[in-house]
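Structural overview for review
Each chain, letter by letter, is given below.
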Amino acid sequence: MSKPIVAIIGRPNVGKSTLFNKLAGERIAIVEDTPGVTRDRIYAESEWLNYIFTIIDTGGIEPESQDIMFSQMRRQAQIAVETADCILFLVDGKTGVTDADIEIAQMIRKSKNPVLLVVNKIDRLNEEDNAYEFYKLGFGEPIAISSSQGLGLGDMLDALIAKFKTLSTDDVDIERIKIAFVGKPNVGKSSLVNKLLGEERNIVTDIPGTTRDAIDSELDTEFGLFTLIDTAGLRRKSKIKEGIERYSAVRTIASIEKADVCVLIIDANEGISDQDEKIIGYAHELNKAIMILVNKWDTIEKDDKTLIKLEREYRSKLSFLNYAPFVFISALTGQRVNKVLVVAKKCYDSYTKRIQTGILNDVVNNALMMKEPPVVANNRLKIYYVTQVGIKPPHFVFFTNDPKLLHYSYERYIENQIRKSFDFTGCGLKLEFKERKKG
């Protein structure tokens, strides 16, 4: 099963963000904070008892008037329920059951997702009886915690893992390449998916996705079997200061998690925004296969140097994606759309490529002879042996005398030599350096 997504939901002021920050911020063998350019504090990679999952803080919505409070809570709860694999329903043990809790519970009950009811702000043992009132919400035995003091988190996570074990594992078709199309609203994601589905003859079926405005479409072509994931963003204008973009990002994150190939679509008229950089940066951190599509190419005034100039500009902006191929297209006219699946398949082939151990060691040994590792602390790194231990992404383990002697520039050199010898277009590589244990 792919990494589960857990959404913390509940009414304002029950402690959702406090719980999220407690899990994401403290190293108590529960959560490892996700590093990199995408840190915007709405999600973190979490781990408990060897289960890795993504936890999402849906945040509290503060409406500008009391009249729209319930409608905004409904919107928040619905998006969380639709996107997540499991719901962590947080309530306030000091306040007791409120009308707002009942309102959210009614929405959750319509979902088929597993739900864990968690009663927060139980700061003392003599307050645990406060949790019993929440049985009336209909989600079984509530788990009592204090997110501010870190009490009960272990029991809560044990119960959460038990929910994971009930999740469906039907989606295991390894022959089908999952492609997520990501990008800002109005860059042409849906237009491109529709064009791909319309031009190819062997469309199998449409599968309802996890959200109202995104479906997974299966497509069989001469290049391979694909699942196209359209991550259409929320477009409705809102006066709520928290903004709808937060929830659009949550949906995109969910799509990236389950994809093999992530395709960033940008508008040729607008270029690459910080939002584009953040969302594709998350895919980069997960070492997904990645390609970049520049759409609306038909609307650009250009000469024979425009494409080269713009690609150089975009690559400078996305310097951490130096391995990702660029394709300039027009979803409207169909220009170069036929190349999209061809390049996506090439990226996937890199993502699943295995290199024979003997050939791999020959390449690394030649790299060592051409350029020795630098001296660090009066000592020099020695690489004895390298082997590939996994795919999706390609994962290489190097056995050395002391991995602390590895300089980041030399690691980059070794990666470049591997890329030069083997075609890993469109995919990040995971290099791990270990000390060889002396027998």
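Relevant structure appears above.
Let us look at the structure shown here. No experiment lies behind these values; they were computed from the predicted model shown. (Residues numbered from 1 in each chain as written. Predicted model: local features only at pLDDT ≥ 70, side-chain atom pairs only at ≥ 80, totals over all residues. Heavy atoms only, no water.)

1. Examining the sheet that holds strand 18 (residues 395–400)
Taken together, the 3 strands give an open sheet; going across it, the order is 17-18-19, and neighbouring strands pair in mixed fashion. The sheet is open, and its two borders are formed by strand 17 (383–390) and strand 19 (430–435), each paired with just one other strand. Strand-to-strand twist of the sheet, defined as the mean angle between neighbouring strand axes without regard to direction, takes the value 25 degrees. Summarising the sheet, strand 18 and strand 19 pair through 6 bridges and their orientation is parallel. (Pairing = 2+ DSSP bridges. Helix = DSSP H or I, 4+ residues; strand = E, 2+ residues; numbered from the N terminus. Axes fitted to C-alpha atoms, helices over the stretch in contact; angles between N-to-C directions.)

2. Quick word on the side chain of Asp 267
With respect to the secondary-structure elements, Asp 267 resides in strand 12 (residues 261–267). Among the polar contacts listed, one links the side chain of Asp 267 to the backbone nitrogen of Asn 269, at a separation of 2.8 Å. One polar contact links Asp 267 to Lys 296, side chain to side chain, over a distance of 3.1 Å. Once you skip the residues sitting within four places of it in the chain, Asp 267 turns out to touch Asn 186, Val 187, Asn 295 and Lys 296. (Polar contact = N/O pair within 3.5 Å; in protein donor to acceptor, adjacent residues only side chain to side chain. Contact = heavy atoms within 4.5 Å.)

3. Structural notes on the pairing of strand 6 (residues 115–120)
A regular strand places its side chains so that they alternate between the two faces of the sheet. The buried fraction of strand 6 amounts to 6 of the 6 residues, a majority that puts the element mostly inside the structure. The alternating pattern of strand 6 places Val 115, Leu 117 and Val 119 and Leu 116, Val 118 and Asn 120 on opposite faces, both of which are buried. In this view, the connection linking strand 5 (residues 86–92) to its parallel neighbour strand 6 by way of helix 3 (residues 99–109) has right-handed handedness. Both strand 6 and strand 7 (residues 143–144) contribute to a ladder of 2 bridges, which runs parallel. Within strand 7, the residue paired with Val 118 across the bridge is Ile 143. (Buried < 20%, exposed > 50% of the residue type's maximum accessible area, 1.4 Å probe, protein only. Right-handed = clockwise from strand over helix to strand, strands pointing away.)

4. Quick look at the layout of surface pockets
Within this model, the second largest pocket holds a volume of roughly 610 Å³. Of all the secondary structure elements, the ones that give two or more residues to the lining of the second largest pocket are helix 7 (274–285), helix 11 (408–421) and strand 19. Examining the composition of the lining of the second largest pocket, we find that 6 residues originate from one element, helix 11, more than from any other. Residues belonging to the lining of the second largest pocket are distributed by class as follows: 9 nonpolar, 8 polar and 7 charged. (1 Å grid on protein atoms, 1.4 Å probe; cavity = no way out; pocket = protein on both sides within 12 Å on 5 of 7 lines; lining within 4 Å. Points joined across faces, edges and corners; volume = space filled by probe spheres on them. Nonpolar A, V, L, I, M, F, W, Y, C, P; charged D, E, K, R; others polar.)

5. So, the packing of helix 10 (residues 357–370) against helix 11
To characterise two packed helices, one gives the angle between the axes of the helices and the distance between these axes. Where helix 10 contacts helix 11, the axes come no closer than 10 Å and their chain directions differ by 130 degrees. Judged by the inter-axis angle, helix 10 sits oblique to helix 11. Judged by the twist between their axes, the crossing of helix 10 over helix 11 is right-handed. Within the contact between the two elements, helix 10 uses Leu 360, Val 363, Ala 367, Leu 368 and Met 370 and helix 11 uses Tyr 410, Tyr 413, Ile 414, Gln 417, Ile 418 and Ser 421. Here the residues of the contact of helix 10 with helix 11 are counted per class, giving 9 nonpolar, 2 polar and no charged. (Parallel < 35°, antiparallel > 145°, perpendicular 65-115°, else oblique. Left-handed = near helix turned anticlockwise from the far one by under 90°.)

6. Regarding the pattern of salt bridges
Following the criterion strictly, the structure yields 19 salt bridges and no others. A salt bridge links Lys 345 to Asp 349, with the shortest nitrogen-to-oxygen separation between them at 2.9 Å. On the criterion of helical spacing, the pair formed by Lys 345 and Asp 349 is a turn pair, its members being 4 residues apart in helix 9 (residues 338–351). Where Glu 432 meets Lys 434, a salt bridge forms, and the shortest distance between an N and an O atom there is 3.9 Å. (Salt bridge = Lys/Arg side-chain N within 4 Å of Asp/Glu carboxyl O.)

7. A few points about the state of the cysteines
Evaluated as defined, the whole model comprises 0 disulfides. We note that Cys 427 lacks a disulfide partner, and the nearest cysteine sulfur, in Cys 347, lies 8.4 Å from it. (Disulfide = S-S within 2.5 Å.)

8. Section: the packing of aromatic side chains
Within the structure shown, the criterion is met by 10 aromatic pairs. Ring centres of Tyr 385 and Phe 399 lie 6.2 Å apart, and the angle between their planes is 35 degrees; on these two criteria the pair is classed as tilted. Here Phe 399 lies in strand 18 and Tyr 385 lies in strand 17, a separation of 14 residues in the sequence. Measuring from centroid to centroid gives 5.3 Å for Tyr 410 and Tyr 413, while their planes differ by 45 degrees, and the two rings are tilted. Taken together, the residues Tyr 410 and Tyr 413, both in helix 11 and 3 residues apart, mark about one turn of the helix. Judged on exposure class, the residue Tyr 410 and its partner Tyr 413 are both buried. Among the aromatic side chains, those forming a connected cluster through ring pairs are Tyr 51, Phe 53 and Phe 164. Sitting over the face of the ring of Phe 424, Lys 353 holds its NZ or CZ atom 5.3 Å from the ring centroid. (Phe/Tyr/Trp six-rings, centres within 6.5 Å; stacked < 30°, edge-to-face > 60°. Lys NZ or Arg CZ within 6 Å of the ring centre and 35° of its normal.)

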